[in-house]
Structures are given as structure tokens and as C-alpha cells.
Amino acid sequence: AAHCSYYGARIKIGYWDMNNAANDAGAEEFDILFKEVHRISDVVLFKLSGKSRAQTVKLVSDNTYKGLSSASMLWVIGWARNQNGVLTSSKLQHVGVNYISNTLCNDKYSG
């Protein structure tokens, strides 16, 4: 998420449990050479210092959002912090949520 992109100057790929040192064995780590933030989609693209072994994913375009409705399921993935800034889990979490428009999101969460 672009709103979290100000953390760190390195990226770990394949890292999912912050409290399990064995998890580091399979992870790849790269320096961030450049980043481009796309605030409308809340996405950030990073240019890395090397090539990952991880499978690539297809990025969406602005046109993708035109086909979404409140019945569309999207996945949120990350290590969440609560409203006090406390990490709520050491393991990477994911949850399915229904799509809402940027307008409705901004109205509900004060932009």
C-alpha cells in the first residue's frame, strides 16, 4: 500500500513471520533503487537492486476499477497495526473485503 511506502530502504520477499528466524532462510532481500507512488490506487512500485525468484503478479490499471461493484471481493494483505500503532500480529495476515468506491471510502474515513 502506498500509504505505508515510507518505511525502510530494503524489501524482503517471501518473508511472512517476523518472530520466526527460520523464515529468513527462504526470504530474499533487496535494496530499493527507486519508488513510484500511485496515490489514486494506493499502490507503490519499487525498482529493486536485483531480480527475485518470486512469481510476478499482474498489475491493475485505472480501467480495472470501472468493472468493480460492491459485490467484488478484494484481498488486503499486511502486518496491521491498531489505532495505537501497536503491531497486532507477527505473521502476515490477509482478509477478503468488498470493494467500495474512493468517494465512499473518503467519506467514511475522512479522506
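The structure contained in this document is the topic of the report that follows. (Residues numbered from 1 in each chain as written. Predicted model: local features only at pLDDT ≥ 70, side-chain atom pairs only at ≥ 80, totals over all residues. Heavy atoms only, no water.)

1. Considerations on the overall build of the protein chain
Piece 1. Helix and strand counts for the protein chain stand at one helix and five strands.
Piece 2. Secondary structure elements of the protein chain, listed N to C terminal, follow the sequence β-β-β-β-β-α.
Piece 3. Looking at the 111 residues of the protein chain, the share that counts as buried comes to 13%.
Piece 4. Sequence-distant contacts in the protein chain: of pairs separated by 6 or more residues, those separated by 24 or more amount to 40%. (Helix = DSSP H or I, 4+ residues; strand = E, 2+ residues; numbered from the N terminus. Buried < 20%, exposed > 50% of the residue type's maximum accessible area, 1.4 Å probe, protein only. Contact = heavy atoms within 4.5 Å.)

2. Side note on the sheet that holds strand 1 (residues 10-13)
Piece 1. The strand order across the open sheet formed by three strands is 1-2-3, and the pairing between neighbours is antiparallel. Looking at the sheet topology across the chains shown, the edges are occupied by strand 1 and strand 3 (43-48). Within the sheet, the average angular offset between the axes of one strand and its neighbour, ignoring direction, is 55°.
Piece 2. As paired elements, strand 1 and strand 2 (residues 28-38) share four bridges and run antiparallel to each other. Within the sheet, the bridge partner assigned to Lys-12 lies in strand 2 and is Glu-29. (Pairing = 2+ DSSP bridges. Axes fitted to C-alpha atoms, helices over the stretch in contact; angles between N-to-C directions.)

3. Regarding the environment of Leu-48
Piece 1. Note that Leu-48 resides in strand 3.
Piece 2. In contact with Leu-48, other than residues within four places in its own chain, are Ile-11, Ile-13, Phe-30, Asp-31 and Leu-33.

4. Describing the pattern of salt bridges
Piece 1. Counted by the stated rule, this structure contains three salt bridges.
Piece 2. Where Asp-31 meets Arg-10, a salt bridge forms, and the shortest distance between an N and an O atom there is 2.3 Å. Residue Asp-31 is found in strand 2, and its partner Arg-10 is found in strand 1; the two are separated by 21 residues along the sequence.
Piece 3. With a relative accessible area of 40%, Arg-10 lands in the partly exposed category.
Piece 4. By sharing partners, the salt bridges in this structure join Arg-10, Glu-29 and Asp-31 into a single network. (Salt bridge = Lys/Arg side-chain N within 4 Å of Asp/Glu carboxyl O.)

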